[in-house]
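Here is what each chain is made of, one letter per residue.
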Amino acid sequence: MGEYCASPEGDSALAAAASLALPSPSPEAAGKPRYGSCDRRCVKQVFDNLHGSISLDPLALQFVDTEEFQRLRDLKQLGLTYLVYPGAVHTRFEHSLGVYSLAGKAMNNLKTYQGEELGIDRIDMQTVKLAGLLHDIGHGPFSHLFEHEFLPRVIPGSTWSHEHMSVLLLDSIVDKHAIDIEDDYLKMVKEMIIASSKFATTKSAKDKHFLYDIVANGRNGIDVDKFDYIDRDCRACGLGSNFQYWRLMEGMRVMGDEICYPAKDCRCFIYSPHLLKFDLSYFSIILRQQNVTCHVSLGIIDLSIHKLFSTRADLHRTVYTHAKVKAVELMLVDALIEANDYLGISLHANDPEDFWKLDDTIIKSIETAPNNELKKAKEIIQRIRRRELYKFCNQYSVPKDKLEHFKNITAQDIVCSQKSSEVLLKEEDVAVSNVKIDLTRGKDNPLESIKFFKDFGCNEKFPITDDRVSHLLPAYNEDRIVRVYAKKPELVEAVSEAFENLQLRMYGEKTQVHDTPKKKRLRSN
């Protein structure tokens, strides 16, 4: 990524003339532009391989040029995924710059078309952009692994979240680096960062709730954070993507303090009992909702909202929860647990002053440490380096009628399902990965949380309920997959048999698609 800074020196003659007409400002006043102002003399351009040139305003630069933010360069966006997809080496640093850029573009679009109506000012613009820039500063090492896999193992019942740490770290940065930002504006930035988390609080901007839906949308999941990481992750992993976020950004419109989207950007699988036949290239659908009848003409268009959710689900299934990726993650969690007592890794999670020192380089610190106390952790990391991974045995998808009451499967469940075998399994011999894939709203259909409008001449907004969605779409919006691994190659057969017994005991049949291949069982003996 390349960068340059515009020269602060203007035309000398003009400067001299200005100095005669106006008193020179003090150095302190000159160095402190107003909140939301954009002094072009101090704007820095950064070139991003996804969004092109990104302009960083003076206040954003104060945050970027801190060791806490620069730490994001050492946090890979997808954690250990690069060990399966070699191109996935991009970091939280460029993702944060990308979200900052998209947040600015989204606000510019709203200001262009509805700025006067909504009262969007420079303060709103600056606040939303800062929230986009700083929303991920609280992430731990190896993406979500630290938060969802490691901490719950060493701190049972842990409620730690990267959003909450982002807020704590933001306060620490402001105090430590004496960044000049008013308390009310800082509070709004923090509220926007946690808007979609369980720590969401009452919003300060009571008449502008839509501002909180741009970076982290807790209402329906459509936000610029997803716009950036979906495009960036697909590109890095070499996957094709038809999702075009700019369609949603250009079409978004605030109605009743809520961001709504043109009905044409909803999946064309909208169902109507009156629709008897259609042409694949062009057809009309009648939507009836609360006495509102909208005739929506759909041609060959990008169905952006459906593609947002479906592409995200595809990334989860094929990249984020890839069987080999999960095997490596399970191994690294075991290594971090072994090293935790000596290094006190989990203790750093409670103090922002220490937390910023944690990043992905911890794996190299363990690997090269001379201490004998880290022997077990080193051995696990060495196995990862040598590709001696935990052996994937098999997996099954939880039956649809069992999803509601499903509880995560544990290694103990597998061991207790062993009937007879030459080898007696122990819990430490088995690793289990419980994978959850959804469309951002769990078992609920995200379309029900989104409001649409017919066209820009229509002032009515409406949802699209399940009875108006085509039966061609899946009836379930959530998938649960249970994967089991043997930590030693010679245990693959015993673990596979116990896993099959577990399925028979729970469901009365083997729900896995196929048996563990005989070659894998024989190769392991």
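Everything numeric here is computed off the predicted structure, so don't read it as measured data.

Participant: Can you explain the overall build of the protein? Please cite residues and give values.
Facilitator: The number of helices and strands found in the protein is 19 helices and twelve strands. A burial count over the protein gives 52% of its 525 residues as buried. The contacts in the protein between residues at least 6 apart in sequence include a share of 72% that link residues at least 24 apart.

Participant: Which residues make up the side chain of Glu500, and what values go with them?
Facilitator: Position of Glu500 relative to the elements: it lies in helix H18 (residues 492-507). Residue Glu500 is classed as buried on the basis of its relative accessible area of 12%.

Participant: Kindly report on the pairing of strand S2 (residues 44-48), identifying the contributing residues and their values.
Facilitator: The buried count for S2 comes to four of five residues, which makes it a mostly enclosed element. Taking the residues between adjacent antiparallel strands as the criterion, S2 and strand S3 (residues 52-56) are bridged by three residues.

Participant: How would you sum up the nonpolar core? Please name residues and give values.
Facilitator: Residues Phe63, Leu133, Val224 and Phe227 are the most contacted members of the largest nonpolar core, which totals 87 residues. Per element, the largest residue contribution to this core is ten residues, and it comes from helix H5 (residues 92-118). For this core, the domains that each give at least three residues are domain 1 (44-255 + 302-389) and domain 2 (391-439 + 480-524). With residues near it in sequence (within four places) discarded, Phe227 still touches Leu102, Ile222, Phe243, Tyr245, Leu248, Met249 and Leu308. Core analysis: the next-biggest nonpolar cluster, separate from the first, contains 34 residues, Phe142, Leu145, Val328 and Leu332 among them.

Participant: Which residues make up the sheet that holds strand S12 (residues 478-486), and what values go with them?
Facilitator: Reading across from one edge, S8-S12-S9 is the order of the three strands in this open sheet, with antiparallel pairing throughout. Edge strands, defined here as strands with exactly one partner in the open sheet, are strand S8 (391-397) and strand S9 (430-438). The mean angle between the axes of side-by-side strands here comes to 20 degrees, regardless of whether they run parallel or antiparallel. Relative to S12, S8 runs antiparallel, the two being bridged by six bridges. Residue Asn394 lies in a different strand from S12, and its bridge partner there is Val484. Relative to the sheet, helix H12 (residues 304-320) contacts S9 and S12, its axis offset from that of S9 by approximately 170 degrees. This element, H18, spans S8, S9 and S12 of the sheet and lies at about 15 degrees to S8.

What counts, and where the lines are drawn
- Residues numbered from 1 in each chain as written.
- Predicted model: local features only at pLDDT ≥ 70, side-chain atom pairs only at ≥ 80, totals over all residues.
- Heavy atoms only, no water.
- Helix = DSSP H or I, 4+ residues; strand = E, 2+ residues; numbered from the N terminus.
- Buried < 20%, exposed > 50% of the residue type's maximum accessible area, 1.4 Å probe, protein only.
- Contact = heavy atoms within 4.5 Å.
- Pairing = 2+ DSSP bridges.
- Core = buried A, V, L, I, M, F, W, Y, C linked by side-chain atoms within 4.5 Å.
- Domains from an automatic or database assignment.
- Axes fitted to C-alpha atoms, helices over the stretch in contact; angles between N-to-C directions.

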